[in-house]
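# A look at the structure
Okay, here's what each chain looks like letter by letter:
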Amino acid sequence: VPSTEYDIRIRPFHVYFIENEEISRVVFGISSTTKTIKTDGGTPVDSPGNVKLETVNARDLLIAWDEIDQEGVTGYEVQVFTGIDTLQETSPSERTSVPISNLEPESVYHCSVRAKTGSDNWGPWSPSVTVKTCPENMRRTLKSGEDCFALVGYYRLGRQAKSCSSENISESLVENSCLENGITVETLPIKTGYWRDSLKTDDIKKCRKPQFCDKISSMYNVTGPNSQCAMNHRGVYCFGCIGDYVLSSSGCEECTKQEEKLHKSRTRWFVVIMVILFMVGILKITCGAGVFEDSKCLKLLSCGNRERRRRNKIAECVKSVSVKCWKRLGFMFIEVKFRILMGFFQVFFSFQRTFQKGTVDTDTSLLEMITGLNPSRLADEFNIRCAYDYNHYDTLFLYTLVPIVFVIVVVGVYMLLSRVYNKYKESVRQETITTVFYLTFLVYPGVSQTILETYLCEEFPTADGNEVFKSALRADYRLSCEDSKQRVIALVYASIMLIVYPIGIVLLYVSFLKRYHELILKQDASDLKEKEKSKLKRVSFLISPYKTERYWFETYELFRKLMQTSLVAFLQDTVFPNLSPTIAMNISIVVTLLLVFINPYKKTGDFWFAFVSLVLLIPASQLSVLELSSKQITNGNYGIMGVEFGLMIVIVFVELWWQKKGKSTSGGEVKDLTRTESHTDEEFVGVVNDNLNTMEENMKLKKRNADVEDENSRYRDENMRLKERIKGLESMVPEDEASRDAVQVAVV
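Read on for a plain summary of the structure. If you're wondering where the values come from, they're calculated on a predicted model, not measured in any experiment. (Residues numbered from 1 in each chain as written. Predicted model: local features only at pLDDT ≥ 70, side-chain atom pairs only at ≥ 80, totals over all residues. Heavy atoms only, no water.)

### A closer look at the sheet that holds strand 24 (residues 471–473)
Read across the sheet, three strands follow the order 23-24-25 without closing on themselves; strand pairing throughout is antiparallel. The sheet is open, and its two borders are formed by strand 23 (457–459) and strand 25 (476–480), each paired with just one other strand. Taken over all neighbouring pairs, the strand axes of this sheet differ in orientation by 40° on average, direction set aside. Relative to strand 24, strand 23 runs antiparallel, the two sharing three bridges. Across the sheet, residue Glu 458 finds its bridge partner in strand 24, namely Ala 472. (Pairing = 2+ DSSP bridges. Helix = DSSP H or I, 4+ residues; strand = E, 2+ residues; numbered from the N terminus. Axes fitted to C-alpha atoms, helices over the stretch in contact; angles between N-to-C directions.)

Here's what the structure looks like:
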């Protein structure tokens, strides 16, 4: 009987037969000891029940089941298969759980279990249990249900597990984070000063203003991406403000009625300052042209012919040994250097906005406004946002319209003064053109960058589109780039201004240089007429700092500054966000080498100051790349600015000392303006300043040249009479050859 115990004893016996008898006899020996055995059970009737997966990893799992209610079970076998193919069968085991290994991540498997009795009496397979292995570095247990969770050191993003120590995210996480199982992308422990557009993304970015992203608002039951922002902040990179708050350099500030009243008062002063700047430009034209030189009320402002005042002051200082006089003259030495300084700061502040993006606050808005005539920087200084919370589009309209209005006004002033004061028409024209050139010089890099920034947007694909825009303007993250009437108007307007400023100003410079090309090339000639000299003064701003053969260099400077500001900003925000500091450094090196190769400046001091200014832009482009704190970057910025100012002062004083020692830039002695020998423009510039190359020679020299001109005039009249006689004789030439020879002799 199966599965039944039996007692077994064995004893020997012997059978023998007696002769002549029919019966036999059996003799039994002694019995053995009793041995108890149990027969084998029958084939198991049922399969194991409650088959379950206790642990599922990416490449292994642990399967378990309950014992079957039948005696005689000697082991179990597990079968793992996919579809039709059986992958593996485990060796028989008496345990009720078996690990399965060598599986593939994220693959579907079917598992069955059967039991056996005896040595090979197998029962039926259990119903298969389907399981899908987890992704790499993830696990699933009975407690976690069907979801796989990330292991220690990883976080779950969708169906994947990503390492918390990966290069692109480790610096944005709190130290010693991800030290437990089950971290998800939503629960990532992000540092203060970092931001992401959604809690479902691991694209974590450094805040443009770290103080805007300090997570204080999470204490006030704020959910979603705004939970990363400081109190009263919201939106992209936490640049937006809630309710009645407005954005300032220090964060969102509440606009109380008192603040609003104060800011409205500041707004009026802002408008007054803008009007004063207009008046200064108009006064510069009228004073420089000498229109009101006889007016008693304007004599206090030293209004008069600018060139005449300059020439008289230089003549006095060249003869004088007064230190005070030479200090006054020193201001005239810095005109070209001042332009170089302005060009340096235009690029320098552009690097700050492009690379540092709010990492530091250098409190240089006023200086930035002066070097670029950016009205929004002046508005920042006045802090008028409670009265008018302006954005990038407002800056675009104001920055582009103000110069246009100013040009219209000065042209109107020129037309008016030309009619009223006809004798000053040419000098007013010269001053008007020079003023416009100065204006374009100051606004070109800044306004071009502002225009191009209108086209640059940053995409946030995982944003919800409500609290955080799916596309925001890089220049002002409070503005959406999604289709709207405001956006369309801004793009159309920016396209028009793109033609007016970045392209139009270059064409303006080129047209003037082309128009006066022949005069520019012979500007050093001694026989220039007064009318020609007057025409040259119209383009003196473009050509006066440079050698004659390098008259085009100011146009090159436009391209150079455009590349170092707008092009670098474009690359930073679009194509090469990580390589743009390196590209900016390489551009700075190339333009520095080009400056050395071209050597355009007349004055050696101007060349060296321009060279050092370009060299200083190289470290300025790399401050954001270095592992420096905000304070160190701020100190670095101030250090570079201090070196630039200091070098300009040193070079000016060296030039003044060199002049006072009686040396010119070419190494010769300074010429006395009272001498009667001939002076070239180059020698005259060596005495005073490179930007005085158009100054007229002294009156004594002019008188002597006038006498020579009168003598030449008499010779020209005599030549004309001789030519008329020759024509008369030639008309009387006879036909025969002998007569013609005789006449030719007479002509000679």
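That shown, we press on.
### Notes on the pattern of salt bridges
Tallied over the entire structure, the rule returns 15 salt bridges. The partner of Asp 203 in a salt bridge is Lys 205, with the nearest N and O atoms 3.8 Å apart. In this structure Asp 203 comes out as partly exposed when scored by relative accessible area, which is 40%. Of the charged contacts in the structure, one is a salt bridge between Asp 389 and Arg 478, with a shortest N-O distance of 3.2 Å. Taken as a pair, Asp 389 in the loop between helix 7 (375–382) and helix 8 (392–420) and Arg 478 in strand 25 lie far apart in primary sequence, 89 residues in all. Note on Asp 389: relative accessible area 36%, which makes it partly exposed. (Salt bridge = Lys/Arg side-chain N within 4 Å of Asp/Glu carboxyl O. Buried < 20%, exposed > 50% of the residue type's maximum accessible area, 1.4 Å probe, protein only.)

### Notes on the state of the cysteines
Within this structure, the stated rule accounts for six disulfides. With a sulfur-sulfur separation of 2.0 Å, Cys 134 is cross-linked through a disulfide to Cys 148. Negative torsions about the S-S bond denote left-handed disulfides, and the value of about -80° found for Cys 134 with Cys 148 makes this one left-handed. Of this pair, Cys 134 sits in the loop between strand 12 (129–132) and strand 13 (138–141) while Cys 148 sits in the loop between strand 13 and strand 14 (149–150); the two residues are 14 residues apart in sequence, bridging distant segments of the chain. (Disulfide = S-S within 2.5 Å.)

### Here's the deal with the packing of aromatic side chains
For the structure on display, the rule yields 29 aromatic pairs. An angle of 25° between the planes, with centres 5.7 Å apart, marks the rings of Phe 345 and Phe 349 as stacked. Of this pair, Phe 345 and Phe 349 both sit in helix 5 (residues 335–356), four residues apart, roughly one helical turn. You'll find Phe 345 and Phe 349 in the same group, each marked buried. When the centroid spacing of 6.0 Å and the interplanar angle of 70° are considered together, the rings of Phe 553 and Tyr 601 count as edge-to-face. Taken together, the residues Phe 553 in helix 14 (residues 553–573) and Tyr 601 in the loop between helix 15 (580–598) and helix 16 (604–620) connect sequence positions 48 residues apart. (Phe/Tyr/Trp six-rings, centres within 6.5 Å; stacked < 30°, edge-to-face > 60°.)

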